[in-house]
Amino acid sequence: MSIREPTRPLPLTAVFWLLWAANALAVVTGYAPVTQLAAFVASMVASAVLWFLLPWDASASPWRKLVSPCFLVAVTAMSAFSGINAGPFMLITLANIAFLFSIRMTVLILAPYVVAVTLAVPLLFEGPWISGVFQGVGAVILAGFVYTTTRAFLDVRRAREAAERLLERVRELAVAEERARMARDMHDSIGHHLTVIKIGLENAERFRERRPDAAWHEVRQAKQLTVTALADARLWVRALRPLALESRIGGPALQRLADSFTGTGLHVDFQLHGTERPLDPDAELVLYRVLQEGLTNAVRHADAKVVRAQLTFGEQKVVMTVGDDGKGARGAEHGFGLTSLRERVHSIGGALSATSGEEGGFELRVEIPAVLPR
């Protein structure tokens, strides 16, 4: 992705036209009498036309970029003929040059300009040489300041965009890792059931004449495994649902996720405490994944009947707990799914704990800051 500079930035556009109008008004009212009115009017028209042609995109063609030094000459001439300080115009023009050119090209453009300004005062306007020298030195100092400031701004923008690209890549890798984990889990669960069903039906086919009772037994087992495989498939469909369900986010999205487990034999009680407020998208996703992991594990592994989920908004942090009344899951605290989830929570400055009770039950608890660190 390339850096695209703004086309005629609005603040600089406003400043330019205010300065342009001030020069015109000064001449019309006699505040800045000019002896070469035709030259002044020509420079006014040239600067206005060149402003509309002025590029602000570093990828502009070399011929288009030539407008920038021509614009610098036009506004300098306009200020010189009106007798009004050209400094504000130079700020705008030098910022444009810094956007468009490298430091080497900037020096090649400004060096003859500084020499011309230095010589113009004594030769064209019959001023003292020392005044011309001061004008030239001032132009150099101003150019250095504007160029350094503008390039620093561009460097910061590039660094920010690079960080955004890196963050997007990290998110893509996290999604890929999650998909790989889910693919392995689907293979272990649904794939296992389908393999057993296939073998059972093959046995039924062999037994159908010599041992019909055994054949029907294999068919009944295959039917039961089909129901189990279908239930697992429905769980994975729920797990693959996006965070925003029918444009819901936050509490409504979590409530919808909890409601989606109706029909699995699981009663889910979801409660929200405190005043809900908008969270960072990464935090929304973490809370959604924690609830999803807790509900999926309760159905698939814990043989639970009831799950209680609670989301609490505090001043400094947001806490979610997901607990079930199942048989517990000792050792699951270090499983791949929870390890991946814990890493995701840590990446936004939070903490996740997973505990099994002495008499059964399993609880996930996550704490994340109300405002994520940048």
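One can find the structure itself at the top, above this paragraph.
Residues numbered from 1 in each chain as written. Predicted model: local features only at pLDDT ≥ 70, side-chain atom pairs only at ≥ 80, totals over all residues. Heavy atoms only, no water.

Trainee: Help me understand the overall build of the protein in this model?
Mentor: Along its length, the protein carries eleven helices and five strands. The 374 residues of the protein split such that 41% are buried. Taking the intrachain contacts of the protein between residues at least 6 apart in sequence as the baseline, contacts between residues at least 24 apart amount to 69%. As presented, the protein carries roughly 21,400 Å² of accessible surface, and 63% of it is formed by carbon and sulfur atoms. (Helix = DSSP H or I, 4+ residues; strand = E, 2+ residues; numbered from the N terminus. Buried < 20%, exposed > 50% of the residue type's maximum accessible area, 1.4 Å probe, protein only. Contact = heavy atoms within 4.5 Å. Areas by Shrake-Rupley, 256 points an atom, 1.4 Å probe, with all protein chains shown as cover.)

Trainee: When you look at helix α9 (residues 250-259) in this model, what are you seeing that I'm missing?
Mentor: An α-helical turn contains 3.6 residues, so any two residues separated by three or four positions project in the same direction. Every buried residue belonging to α9 is among G250, G251, A253, L254, L257 and A258, and all of these are buried. Down the axis of α9, the sector holding all buried residues measures 165°, keeping them to one side. Here the buried face of α9 lies against β1 (267-273), α10 (281-300), β2 (306-313) and β3 (317-324). (Arc of directions from axis to C-beta.)

Trainee: Please clarify how the pattern of salt bridges should be interpreted in this entry.
Mentor: According to the stated counting rule, one finds four salt bridges in the structure shown. Between E164 and R160 there is a salt bridge whose closest N-O contact spans 4.0 Å. Taken together, the residues span about one helical turn, with E164 and R160 both in helix α7 (residues 129-207) at a distance of four residues. When its relative accessible area of 46% is taken as the criterion, E164 is described as partly exposed. By relative accessible area, which is 44% here, R160 ends up partly exposed. With its nearest N and O atoms 2.8 Å apart, the salt bridge here joins R365 to E367. E367 sits in the partly exposed class, given a relative accessible area of 26%. Among the charged side chains, a network of salt bridges with common partners joins K317, R365 and E367. (Salt bridge = Lys/Arg side-chain N within 4 Å of Asp/Glu carboxyl O.)

Trainee: Where do I start with the sheet that holds β3 in this structure?
Mentor: Pairing between sheet strands relies on hydrogen bonds along the backbone, with the strands arranged either parallel or antiparallel. Spatially, five strands are ordered β1-β2-β3-β5-β4 in an open sheet, and the strand pairing comes out mixed. Of all strands in the sheet, those bounded by a partner on one side alone are β1 and β4 (351-356). Taken over all neighbouring pairs, the strand axes of this sheet differ in orientation by 10° on average, direction set aside. Along the sheet, α9 contacts β1, β2 and β3; its crossing angle with β1, the most-contacted strand, is approximately 170°. Running at roughly 180° to strand β5 (residues 362-369), α10 makes contact with β1, β2, β3, β4 and β5 of the sheet. (Pairing = 2+ DSSP bridges. Axes fitted to C-alpha atoms, helices over the stretch in contact; angles between N-to-C directions.)

Trainee: Quick question: what am I supposed to make of the packing of aromatic side chains here?
Mentor: Aromatic ring pairs are defined here through the distance separating the ring centres and the angle between the ring planes. Overall, the coordinates contain seven aromatic pairs when judged by the stated rule. Ring centres of F16 and F71 lie 5.6 Å apart, and the angle between their planes is 50°; this geometry places the pair in the tilted category. Residue F16 is found in helix α1 (residues 10-28), and its partner F71 is found in helix α4 (residues 67-82); the two are separated by 55 residues along the sequence. Classification of F71 as buried rests on a relative accessible area of 0%. Taken together, F16, W17, W20, W51, F52, W56 and F71 form an aromatic cluster joined through their ring pairs. Just above the ring of F207 sits the side chain of R206; from NZ or CZ to the centre is 5.8 Å. (Phe/Tyr/Trp six-rings, centres within 6.5 Å; stacked < 30°, edge-to-face > 60°. Lys NZ or Arg CZ within 6 Å of the ring centre and 35° of its normal.)

Trainee: Got a minute to help me understand the packing of helix α2 (residues 37-53) against α4 in this structure?
Mentor: The axes of two packed helices give the description: the angle between them and the distance between them. Here α2 crosses α4 at 145°, and the two axes come no closer than 8 Å. Note on packing geometry: the crossing formed by α2 with α4 is left-handed. Along its contact with α2, which presents A39, F40, S43, M44, A46, S47, L50, W51 and L53, the element α4 presents V67, C70, F71, A74, V75, A77, M78, F81 and S82. Class assignment for the residues of the contact of α2 with α4 results in 15 nonpolar, three polar and no charged. (Left-handed = near helix turned anticlockwise from the far one by under 90°. Nonpolar A, V, L, I, M, F, W, Y, C, P; charged D, E, K, R; others polar.)

Trainee: Would you mind going over the pairing of β5 with me for this structure?
Mentor: In regular strands, side chains alternate between the two faces of the sheet. Bridge analysis of β3 against β5 gives eight bridges, and the strand direction is antiparallel. Bridge pairing in β5 links V319 to E367. In the sheet, β4 pairs with β5 via six bridges, with the strands oriented antiparallel. Bridging across to β5, A354 finds its partner in L364.

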